[in-house]
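# A structural walkthrough
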Amino acid sequence: MNSESKSIVILMADDDVDDQLLAKEALQESRVTNILKIVNDGVELMEYLRSEGKFASSDNPWPGLILLDLNMPRKDGREALAELKSDPKLRRIAVVILTTSKTEEDMLRGYDLGAASYLTKPVTFEGLVDLMQILGRYWVEFVELPGSDKQTD
């Protein structure tokens, strides 16, 4: 399958503006077809998914994949992941933890809470481009994801 023929919406939850910018540039550089939406923390992530708060009046594209940082203000990635996976309407969305944390405790907890993958953020831009290319190809070309419409059951 060719990545040109289909794309997914990737929703990134990360409070670091530099990481947001780098991820956006890395995704563009990787040339994988997709749409990247960004929220700043776990509170915004849940508001986006539930069309609440500042996202209430917009028709947000439903994500096929969430890139989730663990260490964020207001509601961290662990809390957001637990809330997301306990919600029948949201739990089918694939979540990849993308964080600077290398602790085994965070990794185990992430998988226990339902993360599809746990990745440590690369330290170089080139490493991030490589990661985004691999992630994009894997999730766009190889993985079968539920339809892009908001899940209702």
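Preceding block: the structure.
Residues numbered from 1 in each chain as written. Predicted model: local features only at pLDDT ≥ 70, side-chain atom pairs only at ≥ 80, totals over all residues. Heavy atoms only, no water.

## Structural notes on the overall build of the chain
This is how it is decided: Labels follow the DSSP assignment, with helices taken as runs of H or I lasting at least four residues and strands as runs of E lasting at least two, numbered in each case from the N terminus. Only heavy atoms enter the contact rule, under which two residues are in contact if any of them lie within 4.5 Å. The method behind every accessible area is Shrake-Rupley, applied with a 1.4 Å probe, and residues are considered shielded solely by the protein chains displayed.
Assigned secondary structure in the chain consists of 5 helices and 5 strands. Listed N to C, the secondary structure of the chain is β-α-β-α-β-α-β-α-β-α in terms of helices and strands. Here the analysis covers contacts within the chain between residues at least 6 apart in sequence; of these, 67% occur between residues at least 24 apart. For the chain, the accessible surface area stands at approximately 8,100 Å², while carbon and sulfur atoms represent 49% of it.

## Description of the packing of aromatic side chains
For clarity, the cut-off: For Phe, Tyr and Trp, rings pair up if their centres lie within 6.5 Å, where Trp contributes its six-membered ring, and each pair is then called stacked (planes under 30 degrees apart), edge-to-face (over 60) or tilted (otherwise). Buried means the residue's accessible area, taken with a 1.4 Å probe over protein chains only, is under 20% of the maximum for its type, while exposed means over 50%, and partly exposed covers the values in between.
Applying the stated rule across the entire model yields 1 aromatic pair. Judged by centre distance (5.4 Å) and plane angle (70 degrees), the ring pair of Y48 and F55 falls under edge-to-face. Like Y48, the residue F55 is buried in the burial classification.

## Some details on the pairing of strand 3 (residues 65-68)
Note the following rule: Any two strands between which DSSP finds at least two bridges are classified as paired.
Here strand 3 shows no split at all, with L65 and L67 on one side and I66 and L68 on the other all buried. Inspection of the sheet shows strand 1 (residues 8-13) paired to strand 3 by 4 bridges, in the parallel sense. Paired with A13 across the strands is L68, a residue of strand 3. Here 4 bridges tie strand 3 to strand 4 (residues 94-99), and the two strands are oriented parallel to one another.

## Describing the environment of G114
Mapped onto the elements of the fold, G114 is located in the loop between helix 4 (104-112) and strand 5 (117-120). Once the C-alpha coordinates of G114 and A82 are considered, the two residues, 32 residues apart in sequence, prove to be 8.0 Å apart.

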